[in-house]
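Listed below are the residues making up each chain.
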Amino acid sequence: MSTFLSRALTPSDPLTTSTTREVMLGTPGKTPAGRSYRYARAGAVALSPGQLCVAATVVANHQNLACAAAAVGAYDVTVTLGATAATADQYQDGFLVINDVDGEGIAYRITGHPAAASSGSLVVRLAQPIEVALTANSEACLQMNPYDDVVISVTDQADMPVGIPNITVAIDAYFWLQTGGPCSAWADETITAGQALTTGTGVAGQVEALDAAGEPQVGIAIQAGVDTEYRMVCLTLDPG
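Structure report, in brief. Since we're looking at a predicted model, the values are computed, not measured.

## Quick notes on the packing of aromatic side chains
Thought 1: All told, the structure shown has three aromatic pairs when counted by the stated rule.
Thought 2: Seen from their ring centres, Trp 186 and Tyr 230 are 5.7 Å apart, and the 5 degrees between their planes marks the pair as stacked. One end of the pair, Trp 186, is in strand β14 (residues 174–186); the other, Tyr 230, is in strand β18 (residues 230–236), and 44 residues separate them in sequence.
Thought 3: Taken together, the ring pairs in this structure connect Tyr 39, Tyr 174 and Trp 176 into an aromatic cluster.

## Here we look at the side chain of Asn 145
Thought 1: As for its position among the elements, Asn 145 is in the loop between β11 (139–143) and β12 (151–152).
Thought 2: Asn 145 sits in the buried class, given a relative accessible area of 3%.
Thought 3: In this structure Asn 145 touches Leu 25, Gly 26, Asp 93 and Gly 94, once residues within four positions along its chain are discounted.

## Some remarks on the pairing of strand β15 (residues 196–199)
Thought 1: Sheet analysis places β15 next to strand β17 (residues 219–221), joined by two bridges and oriented antiparallel. Looking across to β17, one finds that Ala 196 is bridged to Ile 220.

## A closer look at the nonpolar core
Thought 1: Val 77, Val 79, Leu 96, Leu 122, Val 124, Leu 126 and Leu 142 are the most contacted members of the largest nonpolar core, which has 24 residues in total.
Thought 2: Elements represented by at least two residues in this core include exactly β6 (65–67), β7 (76–80), β8 (95–100), β9 (107–112), β10 (121–126) and β11.
Thought 3: Ranked by residues supplied to this core, first place goes to β10 with three residues.
Thought 4: Once residues within four sequence positions are removed from consideration, Val 77 is found in contact with Ala 70, Leu 96, Leu 122, Val 123, Val 124, Leu 126, Ile 130 and Leu 134.

Definitions and limits used
Residues numbered from 1 in each chain as written. Predicted model: local features only at pLDDT ≥ 70, side-chain atom pairs only at ≥ 80, totals over all residues. Heavy atoms only, no water. Phe/Tyr/Trp six-rings, centres within 6.5 Å; stacked < 30°, edge-to-face > 60°. Helix = DSSP H or I, 4+ residues; strand = E, 2+ residues; numbered from the N terminus. Buried < 20%, exposed > 50% of the residue type's maximum accessible area, 1.4 Å probe, protein only. Contact = heavy atoms within 4.5 Å. Pairing = 2+ DSSP bridges. Core = buried A, V, L, I, M, F, W, Y, C linked by side-chain atoms within 4.5 Å.

So this is what it looks like as structure tokens:
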């Protein structure tokens, strides 16, 4: 599996963005004050400071794909897409997950791939060699890096929360997304200090009290807060 080397961030690093990728998506970073971050890229909508972001939606037609046979030690794997095309490097820094039959249970990081048409063959290049041989019976899923193409959360709580930006981030820009430690967050309701928090169900990008089984925890309230205002929370989305 791939190794993500942690970066020591200056306090100003999370306040800058770039149009070019500087490090691997998902690279962890931490400021001297102990705030944790992951290197990320915004999706097709600009992001706002203090508003919760989630991972990109999984492409249904890029799951449970037929694989061509691949020997142990191979770095290239060919899969047959469903009825959705893939753009060049759409899954760069993401993963090829062998989900069934021969080779199942292993996820390989993808370094890049060309574009491929709907229902066409896609050759993905891996960062590490195949550990268990794949056969024509193997099935695979293509999964974007969770920090690629991130978007503001929606209110159905059906997505993976990934963090909160500290600044406005333009469409497709690269930035440091806060995942742990003290952070300003937008409240969806009255919040009590010490409450566990989850994705808000009233307004996109907000957080609210975690009050039902199965809701994803995003943090813990540091301050008491009122609906629609920003308050300090301790994000708990990153174990680092």
